[in-house]
Amino acid sequence: MTRRYQATGGDIDEQNGYRNVFDDEQQAWADAIVAKYPNPRSAVLPLLFLVQSVEGYVTEDGMRTVANMIGLTPAQILASGSFYTMLKKQPQGEYLISVCRNISCTHRGAYDVIQALSERLGTDAGNTTADGRFTFETAECLATCDGAPSIQINYDDFYDVTPQDAVALVDKLERGEEVRSAAGERVRTVREISFETATAGARLPGTAGDHRARTVGGEAQPSDFLPDSRPKLSHDEGSHSG
Amino acid sequence: MAEEVRVVTKRMREHTEDSWTLQRVLDTGGYDGARKAVVEMAPEELGGEVKSSGLRGRGGAGFPTGVKWSFVPADVSPKYVVVNHDEGEPGTFKDRELGERDPHQLLEGMIIAARAVGANKAFIYCRGEFALGSRRLDQAIRDAYGAGFLGEGIFGSDFDFDIVLHRGAGAYICGEESALLDSLEGFRGQPRLRPPFPAVKGLYGQPTVINNTETLSTLPHLILNGSEWFRQWGTEKSPGTKIFSVSGHVNRPANYEVPLGTSLADLLELAGGMQNGKEPKAIIPGGASAPLLTSTDVALDFESLQEAGSMLGSGGVVFMDETTCMVRNTLVTTEFFEHESCGKCTPCREGTWWAVKVLERIEHGDGRQEDMDLLLDICNGMDGRSFCPLGDAASWALRSGVKTFRDEFEQHVAEGSCPFGGGERVHVGARVGATGLGEAGITSQPAAGIDADSEPEAAQP
Ligand SMILES: Cc1cc2nc3c(=O)[nH]c(=O)nc-3n(C[C@H](O)[C@H](O)[C@H](O)COP(=O)(O)O)c2cc1C
Ligand code: SF4
Ligand code: FES
């Protein structure tokens, strides 16, 4: 492992000047995530999802925690993370409502759904409600065009959504009632779904399917890790390499 | 009467309640193909069978799968198999359904591909937004380990094979295979220069086979029944069956599996015909990247669609009736490409952005006579000049919109408004809505843009 710090959840790492966002249990998951890959850098995105599950969004302390854990600079973490729409830099609502605005949905009434949600939530797409319950965004094709217009709430799907349906879903969530997706899945909170995304495919040591010991070589030293296949820039060399 | 031929979609259509569970899979011949591949066949035989079947990749490019595998050097190790489960091509939803409803079939296909090329580890790059699919895949992987289909010495052989589930984080470009690899290595998902191709130098610089979910899901049936059996459907150059995702103004939008070479008219009939008895005005035959068709009199195979000036692409078929504003359609599509442009190369990053500005002003009634030619000029600046096919695709979709429906564009300009009444819907747009840490590519462009009286220079930051 290339983990460098000793601090645990909530502690300020005096030497590096940031707050480590993972407690012991979260750290165990973080280690299990890193163990999935021959090169720890592959764990950057799942680890940022883990940060999002702890913090509610990707905080600077979270990025520094990840950077220090896998031996990269905070700038490298930001560079990777800032490319992706599912990693949020602003505090998020508990429920993220994503309305598909692509062709099939547009042609089957997505604009009316967006309009209705804007009015119900009192905000345009791209914003979070004042009470912090909802974030509302437009999305590109969600690969559910057979249910157009379709929306996701924290990435679980709803099909053939009318403006009335969309408003009713918000009403239900606001009342604290359980909401189920088209497939019958319980809609998760933003922290729950971020945790699930972070830990998909990760196995805590000793549990079924933990194949780290065999394919990566147990407590492998960093030198055993395969390199990433990008050409090295000279200023990459030596950055947090040990 | 048009009919489906269900090979890859058989289990999920016949067992809608539990097609994703190991029990149901085992009851319906699951893992027989993988077992045969590992226990009874030599790796070279597997490759040979897939090559002679003529199976072509279902992810969009249509490259022959067996040929791709043959580029993998035998003497380099480790090798990897990577599944492209990042489906994001607008109008396409087959991989999502396959992952949700028949995850074991995909795992089985992965075992076969890995055995054929000598890989002991594979990754599934699962689109970040696929929450249900990821849950089902993760459970299937656990169950497959439990049953001895994954892990050490699978099916009692000396072949070890591990599968790692990896989630994307929201970026269409990561479906492009080299961008996918960069993303999987923890970088921004931007395409790589090729050659070297992934088969030679891919993940972590090692030989890597990247295949689409549908391609791999076809393998268990192909290996179990042989290439002759597979070739009973389709055409000489496009053999087999293919899943088409049908959506838009049809009565029964859904995935339909038909032999390649089936006519577009038959596919429309399968989907219950057009809503309200209307006529199709425009059809996207292969995802938003594919140029528009205006007739259903065309066969759905790689060659025929190319001859018709379009492409089979991912198999996402969108039907649009006469109520559809084609300027709006072109705008929505171009906004998509603008939003998903990774920003690495200038023609695509800038071209899509300017094209959206011009399309917006046409749709909102501020278009100019010269705008149609301006758009075509922007297309010429992107087509063949972009670093990866996303920029090309953006230009194809845009050019075909302008060329095929130029009269509608001109009507917008002449009347100073959208004849379909869509002009006032200005509050949605890709650049307005997404709330990410950053978005794919360079999106925080100057807000002013080009309007009626600003010079392009004045809009630069
Ligand atoms: C912009 C772009 C997006 C793509 N998106 C996908 C995708 O979502 N899924 C996919 O399987 N292939 C996608 N492809 C094609 C892949 O690059 C690659 O050809 C494919 O995964 C290879 O698998 P196959 O040979 O089994 O089709 C995309 C290509 C481009 C240029
Ligand atoms: S064509 Fe577009 S998506 Fe492809 S490398 Fe260039 S900017 Fe990126
Ligand atoms: S266009 Fe909306 S889900 Fe595909």
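What counts, and where the lines are drawn
Residues numbered from 1 in each chain as written. Chains lettered and ligands numbered in written order. Predicted model: local features only at pLDDT ≥ 70, side-chain atom pairs only at ≥ 80, totals over all residues. Helix = DSSP H or I, 4+ residues; strand = E, 2+ residues; numbered from the N terminus. Buried ≥ 20, exposed ≤ 12 C-beta atoms within 10 Å, placed from the backbone. Contact = placed C-beta atoms within 7 Å. Pairing = 2+ DSSP bridges. Near = placed C-beta within 6 Å. Nonpolar A, V, L, I, M, F, W, Y, C, P; charged D, E, K, R; others polar. Domains from an automatic or database assignment.

1. Details of the overall build of chain A
Across its full length, chain A carries 9 helices and 7 strands. Within chain A, buried positions represent 51% of all 242 residues. A sequence separation of at least 24 residues applies to 62% of the contacts in chain A between residues at least 6 apart.

2. What to know about the pairing of strand β5 (residues 241–248) of chain B
Residue and element names in this part refer to chain B. Of all 8 residues that make up β5, 8 are buried, and the element is covered over most of its length. Side-chain alternation along β5 places Thr241, Ile243, Ser245 and Ser247 on one buried face and Lys242, Phe244, Val246 and Gly248 on a second face that is also buried. In the sheet, β5 pairs with strand β6 (residues 254–259) via 6 bridges, with the strands oriented antiparallel. By the bridge assignment for β6, isoleucine 243 is matched with glutamate 257. Connecting the antiparallel pair β5 and β6 is a turn made up of 5 residues. Two elements, β5 and strand β8 (residues 316–321), share 4 bridges in a ladder whose sense is parallel. The partner of serine 245 across the bridge, within β8, is glycine 316.

3. Focus: the site of ligand 2
All names here are of chain B. Neighbouring ligand 2 are 14 residues; Cys342, Cys345, Cys348, Cys388 and Gly391 lie closest to it. Breaking the shell around ligand 2 down by element, the ones donating at least two residues are α15 (346–363) and α17 (389–404). Classifying every residue of the shell around ligand 2 by side-chain character gives 8 nonpolar, 4 polar and 2 charged.

4. Some thoughts on the domain arrangement of chain B
Taken domain by domain, chain B holds domain 1 (10–230), domain 2 (241–321) and domain 3 (326–440). Broken down by class, the residue content of the side of domain 1 of chain B that touches domain 2 of chain B amounts to 2 nonpolar, 5 polar and 6 charged.

5. Some remarks on the interface of chain B and chain A
Contacts between chain B and chain A engage 71 residues on the former and 64 residues on the latter. Mapped by element, the contributors of at least two residues to the side of chain B that touches chain A are α8 (131–146), β3 (162–167), β5, β6, β8, α14 (326–340) and α19 (430–433) of chain B. No other element matches α8 of chain B, which puts 8 residues into the side of chain B that touches chain A.

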